[in-house]
Amino acid sequence: MATTEQLQARYAPSEVHQIPMDRQLHCVRFSPCGKYLIGGDFDAKLRRFAVDGEEPFTELPPVAGHHGGWLQPIEFTSEGGVMLTADSWGRISAWSYDEETPQLKWTKEAAHDGWVRMLSISPDGKHVASCGIDKTVRLWSTADGELKQEFSGHQHDVLSVRFHPRGEFLVSGDLYGVIKKWDAAGGECVGEFDASTLFLYDRLQDIGGVWAMAFDKEGKTLAAAGTKPDHGGTVQGVPTTLLFEFESGKLQHTLTMGAVKDCYVHDVLLHDDGFVVAVTSGTPGTGQLLLHKPGDEQPFFVSTKTANCHSLSLHPDGKRLAVVSTNKGSNGNGRRLNKDGEYEGNNSPIHIFQLPAAEQPAAG
């Protein structure tokens, strides 16, 4: 593995462009072909951008009318041009996205009873796993939306799900920091990972949970991310990423990614060169993009120029990162009316970072 200094010189990103938005977005994802950047906003629209190789990207017409609530998870099959999306009303939809206007292939209006928190597509592209606040994980056919398997056993909201790179297993993480390892074909739970340090019950509320997970490309390491809660009320906690050895379930590293005010790691990936990329969201209005080598006490790169960050996506060329944040100065219902007497809601600018000499794409 490269030294920390070598990683810093090779990968420390710089922001090259910012895409202003008129709505809040939860996430954006680059398509596997590298031609599109697609996000989901709070009023159920797919926001699309053509990645032409040069910044700024060209915004394409949004797609609306197929989701109800906040459109959040977005995932792509590695081949075949299929995109899966889900929303806060429990609906999952499949699209043929690599054309002028994405075409709806199928939709499941009640895939979950309430919020679908995350999607994950199998390595062969044939199945998509979903999880939600109904405490279940379900497996669907990407071809026609047929329910193939249901995984029951979580006692609390399931916040994250990820397929293992070999496809025979998947993992799901819940609000209380329980990560279950499932036999993808048979549906049995075959192991657990203890991420309970990411949960706290305080001031009559549940705080924390496994908000993001990722594998390295070989499936040897599982990253589980969230916050190590300090107290409730206005939630405070230390953003934390746990690295487990997948086969044994042993905790290998605990990465501290900020101070108590920085709160949650909201998205994470494991780079092929052995470091962790993460974004955090804290109070009041703090956000970070971090690159952290396991074993080091501190990240080797930190950017605090963005406000609350909710997702990150690495372009297939391995040289550009897209980070979704919240506009600076956002303060919810405490904001004053503008000069025209109108209330200006929060929005989510997309920050495009360039990695100076990244040679390979990331895994996760």
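The following paragraphs examine the structure supplied in this document. (Residues numbered from 1 in each chain as written. Predicted model: local features only at pLDDT ≥ 70, side-chain atom pairs only at ≥ 80, totals over all residues. Heavy atoms only, no water.)

A few words on the nonpolar core. Taken as a class, soluble globular proteins show a tendency for nonpolar side chains to be buried jointly. By size, the foremost hydrophobic cluster in this structure holds 18 residues, and its most contacted members are Phe275, Val277, Leu289, Leu291, Leu312, Leu321 and Val323. Within the residue set of this core, elements represented by two or more residues are helix H1 (4–11), strand S25 (276–281), strand S26 (287–292), strand S28 (309–314) and strand S29 (320–325). Ranked by residue count, the leading element in this core is S28, at three residues. Grouped together as the second largest cluster of nonpolar side chains are 14 residues, Phe169, Val171, Ile179 and Ala195 included. (Core = buried A, V, L, I, M, F, W, Y, C linked by side-chain atoms within 4.5 Å. Buried < 20%, exposed > 50% of the residue type's maximum accessible area, 1.4 Å probe, protein only. Helix = DSSP H or I, 4+ residues; strand = E, 2+ residues; numbered from the N terminus.)

Turning our attention to the sheet that holds strand S17 (residues 189–194). Strand order in the open sheet made by the four strands is S14-S15-S16-S17, with antiparallel pairing throughout. The open sheet has two edge strands, strand S14 (158–163) and S17, and neither has a second partner. On average, each strand axis in the sheet is tilted by 20° relative to the strand beside it, whichever way the strands run. Both strand S15 (residues 169–174) and strand S16 (residues 178–183) contribute to a ladder of five bridges, which runs antiparallel. What sits directly across from leucine 170, in S16, is tryptophan 182. (Pairing = 2+ DSSP bridges. Axes fitted to C-alpha atoms, helices over the stretch in contact; angles between N-to-C directions.)

On to the pattern of salt bridges. Evaluation of the coordinates by the stated rule reveals 21 salt bridges. The closest approach of N and O atoms between aspartate 43 and lysine 45, which form a salt bridge, is 3.1 Å. Accessibility expressed as a relative area gives 26% for aspartate 43, which makes it partly exposed. Since its relative accessible area comes to 25%, lysine 45 is described here as partly exposed. Note that arginine 138 is salt-bridged to aspartate 134, the shortest N-O span being 3.2 Å. Residue class for arginine 138 comes out buried when judged on its relative accessible area of 15%. Sharing partners across several salt bridges, the network here consists of Asp22, Arg23, Asp41, Asp43, Lys45, Arg47 and Glu59. (Salt bridge = Lys/Arg side-chain N within 4 Å of Asp/Glu carboxyl O.)

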